[in-house]
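# Residue-level structure breakdown
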Amino acid sequence: MFYLSIINYKTNYNKKIIYSNFLKVKNSVFTLKIKKKNFKYFLNIKQTIFFFFFFKIWNKIQFKNNILFFTFIKNEIRSNLDGIFKLFLISKQKIINNILNLNKIFLKLKNLIWTNIGCYDIRDFLNIKINKINLIIESIDKIPYLTKYFIPKNIRISNSNRVRLGSFISEGTTIMSEGYVNFNTYIGKNCMIEGRVSAGVYISNNTDIGGSCSIMGTLSGGGNNIVSIGSNCLLGANSGIGISLGNNCIIEAGLYITSGIKINLIFKKKKIIVKAKTLSFLNNLIFYRNSINGKVECCKNYVNSEKINKDLHKN
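If you're wondering where the values come from, they're calculated on a predicted model, not measured in any experiment.

### Things to note about the sheet that holds strand 8 (residues 137–141)
- With respect to topology, three strands assemble into an open sheet ordered 7-6-8, the strand pairing being antiparallel. Sheet topology places strand 7 (118–121) and strand 8 at the edges, where each strand pairs with a single neighbour. On average, each strand axis in the sheet is tilted by 20 degrees relative to the strand beside it, whichever way the strands run.
- Taken together, the four bridges between strand 6 (residues 112–115) and strand 7 define a ladder with antiparallel strand orientation. Counted as the bridge partner of Trp114 is Cys119 from strand 7.

Here you go:
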């Protein structure tokens, strides 16, 4: 399976593509005679007119620097443009996170200077005579932030450069100033994000990620485990999680739960010592540290999590 898009691109001094706008995305296959050059497909004027007419995007029509670009889902990233396009597909929810092959993404992506007036190759930027009075360098990074490509519907983002392209943010969600959302992530509806959501993490609806909280992602450790958090969960301030949670779970503030940590599970008035990973995906649990002996304990959560921070979830 592959996706294709008409893009309008920008090159550096070496005529290599460093930036593009994805004008329209389709996963259909068209039979056209197109010229193959350097593994990129260029459109002539007739083909450009056809695609702009078919995609109904006449208001964005440009006849210069147009490419019909496609990417295969299962293939590794082959270029900077291919990597950005795949991240764009995740953010537009054409493909859900952890489906695309993002192996070697940082080897293929290029460090660029992202500004308020465009994107520049680092070497070019030092040589180009630009009116720098109104120029603001927003980041120097391989992955741009989400709002460089589009604005998600009905969300609040206090600091837009802390939400990377490749993340999908559902309606009603709020990302506070210290919240951070990495690429290849999914955030459900009506969530409050005040902590760090690492790459590969899946968060369901109505969940609070407390201030300075950290969720371990696929880039941490071996990079094989995918952490997901269910609906109506609360991760307290300065807490952390390295296992998956079911619905209606709570992590006490300041408590970090990793997969190998020993937990005293209170079950039928008895304490059973288990590893944290054995509790993954279970619903209605609360994790806390015993203030007397310092041991980590877990018991059934009787709190109605749906009512936690109800006003904050109104976007």
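There is more to say after this.
### Some words on a nonpolar patch on the surface
- Together, Ile122, Leu126, Ile137 and Ile140 line one region of the surface with nonpolar side chains, adding up to about 380 Å² of accessible area.
- Put simply, the parts of the chain that give the nonpolar patch at least two residues each are helix 4 (122–127) and strand 8.
- Exposure remark for Ile140: the relative accessible area of 52% places this residue in the exposed category.

### Here we look at the packing of aromatic side chains
- Throughout the structure, instances matching the rule amount to nine aromatic pairs.
- For the ring pair Phe22 and Phe88, a centre distance of 4.9 Å and an interplane angle of 35 degrees mean the geometry is tilted. Linking Phe22 in strand 2 (residues 17–26) with Phe88 in helix 2 (residues 80–91), this pair joins segments that are 66 residues apart in sequence. When sorted by exposure, Phe22 lands in the same class as Phe88, which is buried.
- Centroid distance Tyr186 to Tyr202: 4.6 Å. Interplanar angle 5 degrees. Geometry classified as stacked. With a gap of 16 residues between them, Tyr186 in strand 13 (residues 185–187) and Tyr202 in strand 16 (residues 202–203) connect regions that are remote in the sequence.
- Tyr202 gets classed as partly exposed once you look at its relative accessible area, which sits at 34%.

### Concerning the pattern of salt bridges
- Scanning all chains against the criterion turns up six salt bridges.
- Notably, a salt bridge pairs Asp82 with Arg78, separated by 3.9 Å at the nearest N-O pair.
- We note a salt bridge from Glu297 to Lys271, for which the minimum N-O separation is 3.0 Å. Of this pair, Glu297 sits in strand 27 (residues 296–300) while Lys271 sits in strand 25 (residues 270–275), and the two are 26 residues apart along the sequence.

### Examining the sheet that holds strand 15 (residues 196–197)
- Within the open sheet, the five strands sit side by side as 12-15-18-21-23. Their pairing is parallel. Edge positions in the open sheet fall to strand 12 (180–181) and strand 23 (256–257), since each of these has one partner strand only.
- Pairing between strand 18 (residues 214–215) and strand 21 (residues 240–241): two bridges, direction parallel. Each bridged residue has a counterpart across the sheet, and for Ser214 the counterpart in strand 21 is Gly240.

Parameters at a glance
- Here the residue index of a chain counts from 1 through its sequence in written order.
- In keeping with the model being predicted, local features are shown solely for residues with a pLDDT of at least 70 and side-chain atom pairs are shown and tallied solely at 80 or more, while totals for entire chains, interfaces and linings include all residues.
- Note that the side-chain values use all heavy atoms of the structure and ignore hydrogens as well as water.
- Following DSSP output, two strands are said to pair if at least two bridges run between them.
- The secondary structure listing takes helices from DSSP runs of H or I that are at least 4 residues long and strands from runs of E that are at least 2 residues long, numbered from the N terminus.
- Where helices are involved, their axes are fitted lines through C-alpha atoms of the stretch in contact, as for all axes, and angles between N-to-C directions lie from 0 to 180°.
- The patches described consist of residues with a relative accessible area above 30% and no salt bridge, like charges being joined within 9 Å and nonpolar side chains (Val, Leu, Ile, Met, Phe, Trp, Tyr) within 5 Å.
- Working definition of accessibility: Shrake-Rupley area with a 1.4 Å probe, residue cover restricted to the visible protein chains.
- Any Lys or Arg side-chain nitrogen found within 4 Å of a carboxyl oxygen on Asp or Glu counts as a salt bridge.
- Throughout, exposure labels follow a simple rule: accessible area from a 1.4 Å probe, protein chains only, divided by the maximum for the residue type, with under 20% read as buried, over 50% as exposed, and the rest as partly exposed.
- Within 6.5 Å between ring centres, the rings of Phe, Tyr and Trp (the latter by its six-membered ring) count as paired, and their orientation is classed by plane angle as stacked under 30 degrees, edge-to-face over 60, tilted in between.

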